[in-house]
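# Close look at the chain arrangement
In case you want the letters, here they are:
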Amino acid sequence: QQRAPIFFYSQPQSLHIRVLSGDTYPRYEGLRSGTSSFFKPAVAALSRVDACFGQLIAYLKARDLYDDSIVILTSDHGDYYGEQGRWAHAFYLAPETIRIPLIMHVPLRLREGRRWDPDAVAMLTDVTPTLYELLGYGPVPPQELIGRPLLESTGGASDVRRDLYLMQSSYSRIFG
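Summarised in this report is the structure supplied together with it. (Residues numbered from 1 in each chain as written. Predicted model: local features only at pLDDT ≥ 70, side-chain atom pairs only at ≥ 80, totals over all residues. Heavy atoms only, no water.)

Within the protein, the secondary structure is distributed over 5 helices and 8 strands. Order of helices (α) and strands (β) in the protein, N terminus to C terminus: α-β-β-α-β-β-β-α-β-α-β-α-β. Seen through its principal axes, the protein has C-alpha atoms that stretch 50 × 45 × 30 Å. Considering only contacts within the protein whose residues lie at least 6 apart along the sequence, 56% involve residues at least 24 apart. Carbon and sulfur atoms make up 55% of the accessible area of the protein, which totals about 12,800 Å². A gap of 5 Å separates the mean positions of the 18 positive and 19 negative side-chain charges of the protein. (Helix = DSSP H or I, 4+ residues; strand = E, 2+ residues; numbered from the N terminus. Contact = heavy atoms within 4.5 Å. Areas by Shrake-Rupley, 256 points an atom, 1.4 Å probe, with all protein chains shown as cover. Lys, Arg positive; Asp, Glu negative; His and termini not counted. Charge placed at Lys NZ, Arg CZ, Asp CG, Glu CD.)

Dropping the structure here:
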């Protein structure tokens with residue numbers, strides 16, 4: 001029996017520094033783990049988000065939906081949490097703000113006959129063309145401004161790698 005598709009999107013705001021610090025200027029509260037130190041309020045908020053995400057995955061598995069689901073975990077940006085005396089993300093284009101996780105679960109039936117390079121640089125603009133391709137609306141011709149599918153048909157035309165990237169902060173005139 002064919003099941004109706006489900007689309008779920010969430011963008012928790014609880015990890016933003018303005019939420020974590022309230023109305024006050026943030027001050028660093030560290031939480032040590034081994035030799036690393038983490039911003040304690042962010043660890044607490046991330047733990048709550050992680051628990052909710054885990055419940056979603058458990059729900060999909062309990063209802064035998066997980067193996068047919070495309071699940072993408074990513075973020076729109078990283079943040080500074082006091083590192084180098086910096087806070088937030090609006091005025092910095094640095095590894096802490098632009099290197100974000102991209103974790104994809106793609107059903108086996110959709111991976112068959114496709115290739116991907118786990119070491120290639122991926123941009124958020126690549127997520128939509130990837131979904132478009134996986135759902136059968138492709139192939140999407142690679143374009144720098146709208147991204148490219150991260151999983152391509154093995155008969156696809158490209159091994160396109162970008163040499164240059166242009167990034168801009170969404171809040172200020174910072175380019176990189």
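Of note, Asp79 is situated in the loop between strand S3 (71-74) and strand S4 (80-81). Buried charge without a salt bridge: Asp79, with Arg18 as the nearest opposite-charge side chain at an N-O distance of 7.7 Å. Of note is the side chain of Asp79, whose polar atom sits 2.8 Å from the side chain of His89. Discounting residues that sit within four places of it in the chain, Asp79 has contacts with Leu15, His16, Ile17, Ala88, His89, Glu96 and Thr97. (Buried < 20%, exposed > 50% of the residue type's maximum accessible area, 1.4 Å probe, protein only. Salt bridge = Lys/Arg side-chain N within 4 Å of Asp/Glu carboxyl O. Polar contact = N/O pair within 3.5 Å; in protein donor to acceptor, adjacent residues only side chain to side chain.)

Among the structural elements, Asp119 can be located in the loop between strand S7 (114-115) and helix H5 (127-134). A C-alpha to C-alpha distance of 33 Å links Asp119 and Arg63, two positions 56 residues apart in sequence.

So, about the nonpolar core. Of all hydrophobic cores here, the largest spans 8 residues; its members are Ile17, Leu20, Phe39, Ala42, Ala45, Tyr81, Trp87 and Ala88. The set of elements that each furnish at least two residues to this core consists of helix H1 (17-20), helix H2 (40-62) and strand S5 (87-88). Not counting chain neighbours up to four residues away, the residues in contact with Phe39 comprise Ile17, Leu20, Arg27, Tyr28, Glu29, Tyr81 and Trp87. (Core = buried A, V, L, I, M, F, W, Y, C linked by side-chain atoms within 4.5 Å.)

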